[in-house]
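Summary of structural features
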Amino acid sequence: MSGRKEDFSPQSQGQVKMYVCGITAYDVCHLGHARSAIVFDIVKRYLRYKGFQVTHVRNITDIDDKIIARAQKDNVSYDVIAKKYTDEYYRDMEMLGVSSADIEPNATDHIREMIQTIQGLIDKGFAYPVDGDVYFEVGKFAAYGKLSKKNTEDLMSGARVDVDERKRSPLDFALWKSSKEGEPWWESPWGKGRPGWHIECTAMSSKYLSETFDIHGGGADLIFPHHENEIAQSEAYTGKPFVKYWMHNGFITVDKEKMSKSLGNFFTIKEILEKYDPETVRYFLLTAHYRSPIEFSDVQLTEAELSIDRYYSTVTRIKDFLEAAGAAEKPGTSADLEKVLAAFKDKFHNAMNDDFNTASALGFIFELIREVNRFLDSKPSGQKAKELVVRTRELLAGIGGILNIFNRTPEEWYRSLMKVKKIAVSEEALLQKIAERQEARKQKDWARADNVRKELEDKGIILEDKKEGTAWKVKAG
RNA sequence: GGCGGCGUACCCAAGUGGCAAGGGGGAGGUCUGCAAAACCUUUAUUCAGCGGUUCGAAUCCGCUCGCCGCCUCCA
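Residues numbered from 1 in each chain as written. Chains lettered and ligands numbered in written order. Predicted model: local features only at pLDDT ≥ 70, side-chain atom pairs only at ≥ 80, totals over all residues. Heavy atoms only, no water.

**Structural notes on the overall build of chain A**
Counting its regular elements, chain A contains 16 helices and 13 strands. Across its three principal directions, the C-alpha atoms of chain A cover 90 × 50 × 35 Å. Counting only residues that meet the buried cut, chain A has 51% of its 477 residues in that class. Summarising the internal contacts of chain A: among those between residues at least 6 apart in sequence, 79% fall at separations of at least 24. On chain A, roughly 22300 Å² of surface is accessible, and the fraction owed to carbon and sulfur atoms is 50%. Separation between the mean location of the 71 positive side-chain charges and that of the 75 negative ones in chain A comes to 5 Å. (Helix = DSSP H or I, 4+ residues; strand = E, 2+ residues; numbered from the N terminus. Buried < 20%, exposed > 50% of the residue type's maximum accessible area, 1.4 Å probe, protein only. Contact = heavy atoms within 4.5 Å. Areas by Shrake-Rupley, 256 points an atom, 1.4 Å probe, with all protein chains shown as cover. Lys, Arg positive; Asp, Glu negative; His and termini not counted. Charge placed at Lys NZ, Arg CZ, Asp CG, Glu CD.)

**Structural notes on the protein's contact with RNA strand B**
Around RNA strand B sit 57 residues, and of these Lys66, Trp197, Gly219, Asn357 and Arg453 come closest. Among the atoms of RNA strand B lying within 4 Å of the protein, the sugar-phosphate backbone contributes 66%. Within the side chain of lysine 150, a nitrogen or oxygen atom sits 3.3 Å from a base nitrogen of RNA strand B. Separating a base oxygen of RNA strand B from a side-chain N or O atom of arginine 437 is a distance of 3.3 Å. When residues in the surface near RNA strand B are grouped by element, the largest group, 9 residues, is from helix α12 (residues 358-377). Among the residues making up the surface near RNA strand B, the classes are represented as 16 nonpolar, 18 polar and 23 charged. (Near = heavy atom within 4 Å. Polar contact = N/O pair within 3.5 Å; in protein donor to acceptor, adjacent residues only side chain to side chain. Nonpolar A, V, L, I, M, F, W, Y, C, P; charged D, E, K, R; others polar.)

**Section: the sheet that holds strand β7 (residues 213-219)**
Spatially, the 4 strands line up as an open sheet ordered β2-β1-β7-β8, and their pairing is parallel. The strands lining the two open edges of the sheet, one partner per strand, are β2 (53-61) and β8 (243-249). Each strand of the sheet is rotated relative to its neighbour by a mean of 20°, with strand direction disregarded. Two strands pair when backbone bridges link them, and strand β1 (residues 15-24) and β2 are joined in this way by 8 bridges, in the parallel orientation. Counted as the bridge partner of tyrosine 19 is valine 57 from β2. Sitting on the sheet, helix α1 (residues 31-49) is in contact with β1, β2, β7 and β8, with an inclination near 170° to β1. (Pairing = 2+ DSSP bridges. Axes fitted to C-alpha atoms, helices over the stretch in contact; angles between N-to-C directions.)

**Things to note about the pattern of salt bridges**
Taken as a whole and assessed by the stated rule, the structure comprises 42 salt bridges. Across the pair arginine 58 and glutamate 104 runs a salt bridge, and its minimum N-O distance is 2.8 Å. In this pair, arginine 58 is assigned in strand β2 and glutamate 104 in the loop between α3 (78-96) and α4 (111-123), connecting sequence segments 46 residues apart. Between glutamate 113 and lysine 207 there is a salt bridge whose closest N-O contact spans 2.8 Å. One end of the pair, glutamate 113, is in helix α4; the other, lysine 207, is in helix α6 (residues 199-208), and 94 residues separate them in sequence. What you see here is one network of salt bridges that share partners, running through Asp65, Lys177, Lys180, Glu183 and Arg194. (Salt bridge = Lys/Arg side-chain N within 4 Å of Asp/Glu carboxyl O.)

**Digging into the packing of aromatic side chains**
In total, this model carries 22 aromatic pairs according to the counting rule given. Taking the centre distance of 6.1 Å and the plane angle of 50° together, the rings of tyrosine 19 and phenylalanine 213 count as tilted. Here tyrosine 19 is found in strand β1, whereas its partner phenylalanine 213 is found in strand β7, with 194 residues between them in sequence. Each member of the pair, tyrosine 19 as well as phenylalanine 213, is classed as buried. Consider the rings of tyrosine 311 and phenylalanine 406, whose centres lie 3.9 Å apart with planes at 10°: the pair is stacked. Taken together, the positions of tyrosine 311 in helix α10 (residues 298-324) and phenylalanine 406 in the loop between α13 (383-403) and α14 (410-420) put the pair 95 residues apart, joining distant regions of the chain. You'll find tyrosine 311 and phenylalanine 406 in the same group, each marked buried. The ring of tyrosine 128 is capped by arginine 168, whose NZ or CZ atom sits 3.9 Å from the centre of that ring. (Phe/Tyr/Trp six-rings, centres within 6.5 Å; stacked < 30°, edge-to-face > 60°. Lys NZ or Arg CZ within 6 Å of the ring centre and 35° of its normal.)

**Remarks on the pairing of β7**
Counting buried positions along β7 gives 7 out of 7 residues, so the element sits mostly inside the fold. Relative to β7, β1 is paired through 3 bridges, and the arrangement is parallel. Each bridged residue has a counterpart across the sheet, and for methionine 18 the counterpart in β7 is isoleucine 215. In this sheet, β8 lies alongside β7 in parallel orientation, the contact comprising 6 bridges. Among the inter-strand pairings, glycine 219 is bridged to a residue of β8, identified as asparagine 249.

**Quick word on unusual backbone geometry**
At the junction of phenylalanine 224 and proline 225, the peptide bond is cis and its omega measures out at 0° in the coordinates. Structurally, proline 225 can be placed in helix α7 (residues 223-238). Positive phi, close to 55°, is recorded for lysine 149, a residue that is not glycine. Structurally, lysine 149 is set in the loop between β4 (133-136) and α5 (152-157). Positive phi, close to 55°, is recorded for phenylalanine 406, a residue that is not glycine.

**Concerning the domain arrangement of chain A**
Here chain A is partitioned into domain 1 (15-275), domain 2 (297-411) and domain 3 (423-474). Just the C-alpha atoms count here: the centres of domain 1 and domain 3 sit 55 Å apart. (Domains from an automatic or database assignment.)

**What about the side chain of histidine 349?**
Structurally, histidine 349 is set in helix α11 (residues 334-353). When its relative accessible area of 16% is taken as the criterion, histidine 349 is described as buried.

Below is the structure:
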């Protein structure tokens, strides 16, 4: 609310109540929706890792103008649209590997609570009914604009809103809308109608969390008017502060412009996952700070893929080492590795404690990766060296668990890349080729061996000759 | 017009008062039959520009330029 970073201390010690605006179920989700979901998934995971007991609520708006419009266009009932796109949303989230929230309420299941809140606002003089609609009277709420840092005069003068004569001020917003012919409706004290957009978050957050809760999240485009209006309604109704910390994620851009439905420059989650592994998408989104805009492009996704590949290549090396390392104690560059290892957790925590700076955290991960590679290059052996490497592996895996990346085996990663890159070689055919090439290599028929390698490379497979044999992997990037 | 944000190497990006993380790319090297992977060296005396504060600024302040967002539904 201050517009700055603040020290985090939840209302009740050890417990975090977090509400994140989900989607309006009127169309398929694009990458922008994915960013919000992924960002707050990481927030939740990290807070839990730090020992907080987190209650995460993520709502679904399943009644709204756009849903109705879509339903009319498709000539079906509004709930068919809402159901369809809610299902799509859940499917997208599952494919992306985003964990579900603890509570995922739908607006239409909370009409009663919303009516109660609206009635309360009328009783307290903050809202007024007109012809079956109910409006919130912005002028009655002195602090209006405190989140978006707008003052009401500026808003008035810049008002591009259609002036509705029945409203006392153009800034007043609907809590309840009377239903027109053919629109869905619920019975209310003001006649048949449906809730306005903002009221659901007030009603549901107080129901599932409390009147004041710790973190409220969503995309930066929700700051105004959505979150501003939520504050007004909620604080007017309860007389208590609504939210302690606001977190808004930045936009995904395409050619520097916000990815959005209206500009038509969006990529759906499904489209992207046809070309990239979900882990690549998640990693990509973590490479920039959550508040910054992030430019979507194939180059960026490709770089993310290369970075992940670097991690899995290192994991493979680690595995090879642990299987092959001799018993003789040889320390290698263990002193350097130990140093990096010792400092790593603090660095990681500092980065994440500083407003979830995942980009910085990833930097430290790659420092550790370089160091362990350096250590392995120094050809260490013995029990102590093994222990050090195992420690590194566990540390990396643990961190990966928090960021929800690096949580597969290299084999799984490469199999997934094969699929995503539509590589036209089966694993059997591949092993066959490798065997063929081994034969040629044994006979020092380098030309034939190189031919096989070239042939596979053209199909996107890279071969690596090691002491113990030849390994394959999918060419990243 | 009002409000807010951003501008760091060839590209992406962290750093917000004390000698400029990390990834990708380029160049050279080590290793290898040759590769790949990995590692090493190198690639910003400089952080859009100009002033100011300070012992010291990419980091704070002011101005200028450029880009973007919100002010209407929007993650």
